[in-house]
Amino acid sequence: MEGDCLSCMKYLMFLFNFFIFLGGACLLGVGIWVIVDPTGFREIVAANPLLFTGAYIMLAMGAMLFLLGFLGCCGAIRENKCLLLFFFMFILLIFLAELSAAILAFIFRENLTREFFTKELKKHYLRNNDTDVFSSTWNSVMITFACCGVNGPEDFEAIPHLPYSSLERATPEACCQRELQSREGMFVNKEACLAGIERFQNRQGCYTVILNSFETYVYLAGALAIGVLAIELFAMIFAMCLFRGIQ
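These numbers come from a predicted model, not from an experiment. (Residues numbered from 1 in each chain as written. Predicted model: local features only at pLDDT ≥ 70, side-chain atom pairs only at ≥ 80, totals over all residues. Heavy atoms only, no water.)

**Examining the overall build of the protein**
A count of helical and extended segments in the protein gives eight helices and zero strands. Along its sequence from the N terminus, the protein presents helices and strands in the succession α-α-α-α-α-α-α-α. Buried residues in the protein amount to 36% of all 247 residues. For the protein, long-range pairs separated by at least 24 residues make up 71% of all intrachain contacts whose partners lie at least 6 apart in sequence. (Helix = DSSP H or I, 4+ residues; strand = E, 2+ residues; numbered from the N terminus. Buried < 20%, exposed > 50% of the residue type's maximum accessible area, 1.4 Å probe, protein only. Contact = heavy atoms within 4.5 Å.)

**Some remarks on the state of the cysteines**
Scanning the model with the defined rule gives three disulfides in all. Cysteine 148 shares a disulfide with cysteine 175; S-S distance 2.0 Å. An S-S torsion of about 85° defines the bridge between cysteine 148 and cysteine 175 as right-handed. Of this pair, cysteine 148 sits in the loop between α6 (133-145) and α7 (190-194) while cysteine 175 sits in the loop between α6 and α7; the two residues are 27 residues apart in sequence, bridging distant segments of the chain. (Disulfide = S-S within 2.5 Å.)

**Details of the side chain of glutamine 201**
Within the secondary structure, glutamine 201 sits in the loop between α7 and α8 (206-245). Within the structure, the side chain of glutamine 201 is placed 2.5 Å from the side chain of arginine 203, a separation counted as a polar contact. Not counting the four nearest positions on each side in its chain, glutamine 201 is found in contact with Pro153, Thr171, Cys175, Gln177, Cys193 and Gly196. (Polar contact = N/O pair within 3.5 Å; in protein donor to acceptor, adjacent residues only side chain to side chain.)

**A word on the pattern of salt bridges**
With the rule as written, the count across this model stands at two salt bridges. Measuring nitrogen to oxygen at the nearest pair gives 3.0 Å for the salt bridge that ties lysine 190 to glutamate 173. Within this pair, whereas lysine 190 is found in helix α7, its partner glutamate 173 is found in the loop between α6 and α7, the two being separated by 17 residues in sequence. Judged by its relative accessible area of 26%, glutamate 173 is partly exposed. Residues glutamate 198 and arginine 203 are paired through a salt bridge, measuring 3.6 Å at the closest nitrogen-oxygen approach. (Salt bridge = Lys/Arg side-chain N within 4 Å of Asp/Glu carboxyl O.)

**Describing α6**
Along an α-helix, residues three or four apart share an orientation, since each turn contains 3.6 residues. Over its 13 residues, α6 extends 18 Å from the first C-alpha to the last, a length consistent with the 18 Å expected when each residue adds 1.5 Å. All buried positions along α6 are accounted for by Phe134, Ser135, Ser136, Thr137, Trp138, Asn139, Ser140, Val141, Met142, Ile143 and Phe145. The N-cap residue of α6 is aspartate 132: its side-chain oxygen and the backbone nitrogen of phenylalanine 134 are 3.4 Å apart. Among the residues trailing α6, alanine 146 stands out with phi positive, at a value near 50°. (Expected span 1.5 Å × (residues − 1).)

**Digging into unusual backbone geometry**
In this model, alanine 146 sits at a positive phi of 50°, which is unusual for a non-glycine residue. With respect to the helices and strands, alanine 146 occurs in the loop between α6 and α7. Residue alanine 146 is classed as partly exposed on the basis of its relative accessible area of 27%.

What follows is the structure, given as structure tokens:
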């Protein structure tokens, strides 16, 4: 009876570690996508220390979970007490680190508010100057998502014009409607847009557009994180039970 229980525990341990392995692979993939994404998000991440740190924490956690899932599966199948003890201690540290990261994300959530991005845009945006990383990134985001500023075109009224571009209007070119949402896309009517005719401008702010676009994925990421934490907890319990049961 005890042998059957130990065998059941071993395969449950393997199953839980297999899910940890998959969860780590997902986090690793998302972290790599955020860092190397060609649509411009890597510049936004690089410009914000909080996002920059969060992306690399996600990448590191994904890599460690990926490795731990693999080691846990091997430890369970081979019934290696040393490997199981190492697995338990390591996954406990990761579990505590993830809880700490979640608490810090909750505490510093105000750094990702509409007001924060509006302040940063008005402070650093240089309109159509694509040699500046911050401005080029914002232009790419506005073109890709067919939006304008954080709240709308009114965000740019308080931004001074470049000294060598006195003819520049309040609305940047990136806010003008295009037939195709890319830098190569033709303007619907560029002159009318820059003259302030609203029907040729993208009037909706990027904060709302991006929030709506990623709302489903945010809930999915949150559910995935909760699932990974629960699986880690059960994996630690099974690892210790299996460790105590191995002769």
